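Each chain, written out:
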Amino acid sequence: SQELEQSPQSLIVQEGKNLTINCTSSKTLYGLYWYKQKYGEGLIFLMMLQKGGEEKSHEKITAKLDEKKQQSSLHITASQPSHAGIYLCGAADKGSSNTGKLIFGQGTTLQVKP
Amino acid sequence: SAVISQKPSRDICQRGTSLTIQCQVDSQVTMMFWYRQQPGQSLTLIATANQGSEATYESGFVIDKFPISRPNLTFSTLTVSNMSPEDSSIYLCSAMAGRETQYFGPGTRLLVL
């Protein structure tokens, strides 16, 4: 079965600094989702990537999917306290591409110090 | 995009009892799912809620413990039956309108004593 590994598991950065979170899959990705979760709350959809080499940005957050479609990165520029939370990558593997079922990485906890 | 609401947002229950969680989407969606997030862990898919038919359960989850209904394209319920402290989790509903973006509800925080 497919597994997703996120790194780092946790991250503490000073406000204004840039940071990157990685998500590596054991199999080819056919849809990679990034979500943000505040402690104990639901998931906020950030971005979805499907094509090798694809890159998407929203405000100060950029997500990329590598050409081989086995690794994705989430980059935050000039971090702010509002960026703090748990970042989760989720993937639809080939067998699930038509069913919508997702598997998730273990999450990366981000703290931003003012 | 789809806006998803869940009720209740949180509850504290006694062991042996059951709780039904409701999920409402503001538009018709093709697929709805129920996930569980145990304390300190990531999300695990419980089942796909199928409209007008029995839900499709993932390995490790059974209908007797987690009965699911989906009477129409915008509403689903998940019941956690005969609860034990191990059922203490956040339960999240999600929905897909097409074949891409999957949106999540705010979650239901359940504590079983």
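Relevant structure appears above.
Residues numbered from 1 in each chain as written. Chains lettered and ligands numbered in written order. Predicted model: local features only at pLDDT ≥ 70, side-chain atom pairs only at ≥ 80, totals over all residues. Heavy atoms only, no water.

Moving on, we get to the interface of chain B and chain A. In this complex, chain B contributes 22 residues to the contact, which on the side of chain A involves 20 residues. For the pair chain B and chain A, the two sides together bury roughly 1600 Å², of which 52% comes from carbon and sulfur. One can count 1 salt bridge joining chain B with chain A. A salt bridge links Glu58 of chain B to Lys101 of chain A; its shortest N-O distance comes to 3.2 Å. Linking chain B with chain A are 6 residue pairs in polar contact (both at pLDDT 80 or more), by the criterion used here. Element by element, the count of residues in the side of chain B that touches chain A is highest for strand E4 (residues 31–37) of chain B, at 4 residues. For the side of chain B that touches chain A, a count of residues per class yields 11 nonpolar, 7 polar and 4 charged. (Contact = heavy atoms within 4.5 Å. Buried area = accessible area lost by both parts, 1.4 Å probe. Salt bridge = Lys/Arg side-chain N within 4 Å of Asp/Glu carboxyl O. Polar contact = N/O pair within 3.5 Å; in protein donor to acceptor, adjacent residues only side chain to side chain. Helix = DSSP H or I, 4+ residues; strand = E, 2+ residues; numbered from the N terminus. Nonpolar A, V, L, I, M, F, W, Y, C, P; charged D, E, K, R; others polar.)

Residue position: Ser89 of chain B is located in strand E9 (residues 89–96). Once residues lying within four places of it in the same chain are set aside, the contact partners of Ser89 of chain B are Arg36, Gln37, Gln38, Pro39, Thr108, Arg109 and Leu110 of chain B.

Bringing unusual backbone geometry into the picture now. Cis geometry marks the peptide bond from Ser7 of chain A to Pro8 of chain A, where omega comes out at -10°. Tracing the chain through its elements places Pro8 of chain A in the loop between strand E1 (4–7) and strand E2 (10–14). Here the bond from Lys7 of chain B into Pro8 of chain B is cis, since omega is -10°, no more than 30 degrees from zero. Phi at Glu59 of chain A takes a positive value of approximately 55°, unusual for a residue other than glycine. Owing to a relative accessible area of 73%, Glu59 of chain A belongs among the exposed residues under this scheme. (Buried < 20%, exposed > 50% of the residue type's maximum accessible area, 1.4 Å probe, protein only.)

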